[in-house]
Amino acid sequence: MSIKAIVTDIEGTTTSISFVADTLFPYAKARIQQFVLDNAERPDVEQEISAVRAEAGEPGASLERVGEILVNWIEQDLKITPLKTLQGMIWRHGYESGQLKGHLYQEVAAVLRSWKQQGLSLNVYSSGSEAAQVLLFGYSEADDLTALFDHFFDTRIGGKRDAASYERIKNTLQLPGAEILFLSDVVAELDAAHSAGLVTMALDRECIGDGFGAHPHVTSFLQIDLDHLA
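Residues numbered from 1 in each chain as written. Predicted model: local features only at pLDDT ≥ 70, side-chain atom pairs only at ≥ 80, totals over all residues. Heavy atoms only, no water.

J.: Before we go on, may I ask you to explain the side chain of Ser165 in this structure?
T.: On the secondary structure map, Ser165 appears in helix 8 (residues 163-173). Taking the relative accessible area as the measure of exposure, Ser165 reaches 0% and is therefore buried. A polar side-chain atom of Ser165 sits 2.7 Å from the main-chain carbonyl oxygen of Gly159. Here Ser165 is in contact with Tyr125, Ile157, Gly158 and Gly159, once residues within four sequence places are set aside. (Helix = DSSP H or I, 4+ residues; strand = E, 2+ residues; numbered from the N terminus. Buried < 20%, exposed > 50% of the residue type's maximum accessible area, 1.4 Å probe, protein only. Polar contact = N/O pair within 3.5 Å; in protein donor to acceptor, adjacent residues only side chain to side chain. Contact = heavy atoms within 4.5 Å.)

The following block contains the structure:
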């Protein structure tokens, strides 16, 4: 087997897009303004508030204005690190209280466990913050899966459509691209990974059947044959 590590996307790959769009995002959107007001003096929250002000170019923004900016970013589905970090803080309460449970496609947990037993390095790369990733897999419908993973990569390593991000992932994993399989449902991400030399596989969860360019595609993790990948 030439593949020694797997890097997987979350939304649309291990987890339904609807869970993120229809459950996680509305949960955070409904709470983020009050969360900022109630927790502004916490050092970790204060740091993210400062980052929001800097990102928005409004260094003097009030807490109320910061909350408005964050809601606007959620509505635009922007991949901005301080937003993702604050969302993760809010989701933590939801998971820990039992209000949220991380969705996984039916076969994902079993296949991940099988790959781990085969000695593969398993890793996540998502636009969601590392904390949010850990929560989703830690409080998943298939119990706590976090021990299966070696790394949780987020936007701090770079944008998912930037080939340089995958170069950094290669350096972190200390493996050549030909020994790393990247799984995603987004062609631009797969293109960037391919440009960095990674092996790519598209997850066609909606059974579209085409539209993935030169990337091979499957509809389930069960269809991934690691022994016969280019």
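So much for the structure itself; the text now carries on.
J.: Explanation requested: the sheet that holds strand 4 (residues 180-184) in the structure shown.
T.: Within a sheet, neighbouring strands are paired by backbone hydrogen bonds and run either parallel or antiparallel to one another. Strand order in the open sheet formed by six strands is 3-2-1-4-5-6, and the pairing between neighbours is parallel. The two strands at the open ends of the sheet, each matched to only one other strand, are strand 3 (149-153) and strand 6 (217-218). Strand direction decides the pairing type here: strand 5 (residues 199-203) and strand 6, joined by two bridges, are parallel. Looking at strand 6, one finds that Ala202 is bridged to His217. Where helix 7 (residues 130-138) meets the sheet, its contacts fall on strand 2 (121-125) and strand 3, and the angle it forms with strand 3 comes to roughly 135 degrees. (Pairing = 2+ DSSP bridges. Axes fitted to C-alpha atoms, helices over the stretch in contact; angles between N-to-C directions.)

J.: In this structure, what is going on with helix 7? I would like to understand it.
T.: Counting along an α-helix, one turn takes 3.6 residues, and residues three or four places apart therefore face a common direction. Residues of helix 7 that are buried include every one of Ala132, Gln133, Leu135, Leu136, Phe137 and Gly138, and no others. On its buried face, helix 7 is in contact with helix 1 (17-29), helix 5 (81-96), strand 2 and strand 3.

J.: Looking at this structure, how should I read the pattern of salt bridges?
T.: Evaluated as defined, the whole model comprises 14 salt bridges. Two residues, Glu68 and Arg65, come together in a salt bridge whose shortest N-O distance is 3.4 Å. Here Arg65 and Glu68 lie together in helix 4 (residues 63-76), a separation of three residues that amounts to about one turn. Overall, the relative accessible area of 32% leaves Arg65 in the partly exposed class. Measuring nitrogen to oxygen at the nearest pair gives 2.5 Å for the salt bridge that ties Arg156 to Glu130. Of the two residues, Arg156 sits in the loop between strand 3 and helix 8 while Glu130 sits in helix 7, which places them 26 residues apart along the sequence. (Salt bridge = Lys/Arg side-chain N within 4 Å of Asp/Glu carboxyl O.)

J.: I would appreciate a short explanation of unusual backbone geometry in the present structure.
T.: What is expected of a backbone is that most residues other than glycine have negative phi and most peptide bonds are trans. Phi is positive for Asp143, close to 80 degrees, though the residue is something other than glycine. By the element assignment, Asp143 lies in the loop between helix 7 and strand 3. By relative accessible area, Asp143 is classed as exposed at 57%. The phi angle at Cys207 is positive, at roughly 55 degrees, despite the residue not being glycine. By the secondary structure assignment, Cys207 is in the loop between strand 5 and strand 6.

J.: Looking at this structure, I do not really get the packing of aromatic side chains. What am I missing?
T.: How two aromatic rings sit relative to each other is given by the distance of their centres and the angle of their planes. For the coordinates displayed, the defined rule picks out seven aromatic pairs. Ring centres 5.9 Å apart and planes at 25 degrees place the aromatic pair Tyr95 and Tyr139 in the stacked group. A residue pair is termed long-range when its members are at least 10 positions apart, and Tyr95 in helix 5 and Tyr139 in the loop between helix 7 and strand 3 qualify at 44 residues. Assessed through its relative accessible area of 3%, Tyr95 is described here as buried. Here the aromatic rings of Tyr166 and Phe182 are separated by 5.1 Å at their centres, their planes lie at 65 degrees, and the arrangement is edge-to-face. Of the two residues, Tyr166 sits in helix 8 while Phe182 sits in strand 4, which places them 16 residues apart along the sequence. What makes Tyr166 buried here is its relative accessible area of 0%. Here a set of aromatic residues connected by ring pairs shows up, and it is made of Tyr125, Tyr166 and Phe182. Arg31 extends its terminal NZ or CZ atom over the ring of Tyr27, reaching a point 3.6 Å from the ring centre. Geometry around Tyr125 places Lys160 over its ring, the cationic atom sitting 5.6 Å from the centre. (Phe/Tyr/Trp six-rings, centres within 6.5 Å; stacked < 30°, edge-to-face > 60°. Lys NZ or Arg CZ within 6 Å of the ring centre and 35° of its normal.)

J.: Hey, could you run me through the environment of Glu64 in this one?
T.: Within the element layout of this structure, Glu64 appears in helix 4. A C-alpha to C-alpha distance of 8.9 Å links Glu64 and Gln34, two positions 30 residues apart in sequence.

J.: When you look at the packing of helix 3 (residues 43-56) against helix 4 in this model, what are you seeing that I'm missing?
T.: The geometry of a pair of packed helices is captured by two quantities: the angle between their axes and the separation between those axes. Two elements in contact, helix 3 and helix 4, have axes separated by 10 Å at closest approach and are oriented at 70 degrees. As summarised for this structure, helix 3 and helix 4 are arranged roughly perpendicular, according to the angle between their axes. In this structure, helix 3 meets helix 4 at a crossing whose hand is left-handed. The segment helix 3 lies against helix 4, with Ile49, Val52, Arg53, Glu55 and Ala56 engaging Leu63, Val66, Ile69, Leu70 and Trp73. Class assignment for the residues of the contact of helix 3 with helix 4 results in eight nonpolar, no polar and two charged. (Parallel < 35°, antiparallel > 145°, perpendicular 65-115°, else oblique. Left-handed = near helix turned anticlockwise from the far one by under 90°. Nonpolar A, V, L, I, M, F, W, Y, C, P; charged D, E, K, R; others polar.)

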